[in-house]
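# Topology and contacts: notes
What follows is the residue order along each chain.
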Amino acid sequence: MLNLHRLAHALSDCAIGHTIDYHHTVPSTMPIAHELARQPGTRSGTVVVAEAQTAGRGRQSRRWEAPPAQALLVSVLLQPPIHVPVGQLPMAVGVAAAAAIESSQPRLAGHLGLKWPNDLLVGTCMADAGKVGGILMEARFDGGGLAHMVAGIGINVHQHAADLPAPQPGAPPPASLDHFLERQGCGEAAPLDRTALLIALCRSLALHVSPAMNGSELLMRWRQRLWILGEHVCLYERGEVVWSGRAVDVDADGQLVVVNGAGEARRFLAGDVSVRST
Ligand code: ATP
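Quick caveat: nothing in here was measured; it's all calculated off a predicted structure. (Residues numbered from 1 in each chain as written. Predicted model: local features only at pLDDT ≥ 70, side-chain atom pairs only at ≥ 80, totals over all residues. Heavy atoms only, no water.)

### Let's talk about the sheet that holds strand 11 (residues 265-268)
Note: strands within a sheet are paired through backbone hydrogen bonds, in either parallel or antiparallel orientation. Here five strands make up an open sheet; going across it, the order is 11-10-9-8-12 and the pairing antiparallel. Only two strands of the sheet have a single neighbouring strand rather than two, namely strand 11 and strand 12 (274-277). The sheet shows a mean angle of 45° between the axes of neighbouring strands, taken without regard to direction. Where strand 10 (residues 256-259) and strand 11 come together, four bridges link them in antiparallel fashion. Bridging across to strand 11, Val259 finds its partner in Ala265. (Pairing = 2+ DSSP bridges. Helix = DSSP H or I, 4+ residues; strand = E, 2+ residues; numbered from the N terminus. Axes fitted to C-alpha atoms, helices over the stretch in contact; angles between N-to-C directions.)

See the structure below:
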């Protein structure tokens, strides 16, 4: 179980995680964070965390599965003023999560990447990567514009191979941090601690959404983590292939640029498509 005293002590003065709304089992942490946002007095940076979810959500109504107390399952509430432009928030959260995981165990340094737009990868490159986490960004708007954002972050920490969901064709197979370290022959290394990982995640998020984070620096860090760049990919929309080619770049709005065999480039917004290796 997560250590709530340690969390409270370590995060009391942090812009993210100063308030932890802890649950044992919930359907999903996402609607709880949205509901908290509607309650007067809720502070931006409040984090909803659960040991287990019975209806964890991925993108486009997909499911996020994790056995109790084996993963980090959190939703982070961000309310205006948010210093990072909304279009760059997925970058900030992805880069922050990857950096936090690397910092939590020296043997993970250099082994965390991202698959556009929202998967956290562990490995060395796309070819050997495992999917160790996912990020789900949900925005709510009111008459005045953005009301709030919720960043859902799921990170597989202790799952054994048998506890992970079945791999999907073209997508990196699910992996956990413990499982990766074991396969690297680092099973004897200091065990991962979900409480320490959550503290590192909150601090890293606070840094990456702070006014100190410069937009071009953030884009550069995101690019460096995107192992999909340079790979041949297929883009799917509602299960159909809509484009294929080489993923060459991402732009400042987070769109993926893919050049097909005829040299034509198309840009894709994360909301519309899924990318798979060919
Ligand atoms: P996209 O590339 O469009 O994001 P995706 O398949 O990665 O597609 P997500 O919404 O990111 O979709 O994640 C949900 C999918 O991830 C599920 O359909 C399942 O295949 C897989 N999945 C579910 N739980 C886990 C987990 N704990 N670890 C890794 N993968 C998982």
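Read on, since the account is not over.
### Looking at the state of the cysteines
Under the counting rule described, the total for this entry stands at zero disulfides. Looking at the unpaired Cys234, the closest cysteine sulfur is the one in Cys125, lying at 19 Å. Of the residues examined, Cys234 reaches a relative accessible area of 14% and is grouped as buried. (Disulfide = S-S within 2.5 Å. Buried < 20%, exposed > 50% of the residue type's maximum accessible area, 1.4 Å probe, protein only.)

### Observations concerning the sheet that holds strand 3 (residues 71-78)
In space, the seven strands of this open sheet follow the order 1-2-3-7-6-5-4, with mixed pairing throughout. The strands lining the two open edges of the sheet, one partner per strand, are strand 1 (20-26) and strand 4 (112-115). This sheet shows a mean twist of 20° between the axes of neighbouring strands, independent of strand direction. Bridging between strand 2 (residues 47-53) and strand 3 involves four bridges; their strand directions are antiparallel. Within the sheet, the bridge partner assigned to Val49 lies in strand 3 and is Val74.

### Details of helix 6 (residues 215-225)
Considered for burial, the residues of helix 6 that qualify are Leu218, Leu219, Trp222 and Arg225. For helix 6, the angular spread of buried residues about the axis comes to 125°, placing them on one side. Turned more than 90 degrees away from the buried face of helix 6 sit Ser216 and Gln224, all of them exposed. Against helix 3 (89-104), strand 4, helix 5 (194-208) and strand 9 (240-250) lie the buried residues of helix 6. (Arc of directions from axis to C-beta. Contact = heavy atoms within 4.5 Å.)

### Topic: the domain arrangement of the protein chain
The assigned domain composition of the protein chain is domain 1 (4-225) and domain 2 (232-276). One C-alpha centre belongs to domain 1, the other to domain 2, and the line joining them spans 24 Å. Looking only at domain 1, the three residues that lose the most surface to domain 2 are Arg59, Trp116 and Arg223, adding up to 47% of its buried area. Taken together, the links from domain 1 to domain 2 amount to eight residue pairs in polar contact (both at pLDDT 80 or more). In terms of residues, the side of domain 1 that touches domain 2 owes the most to one element, helix 6, which gives three residues. (Domains from an automatic or database assignment. Buried area = accessible area lost by both parts, 1.4 Å probe. Polar contact = N/O pair within 3.5 Å; in protein donor to acceptor, adjacent residues only side chain to side chain.)

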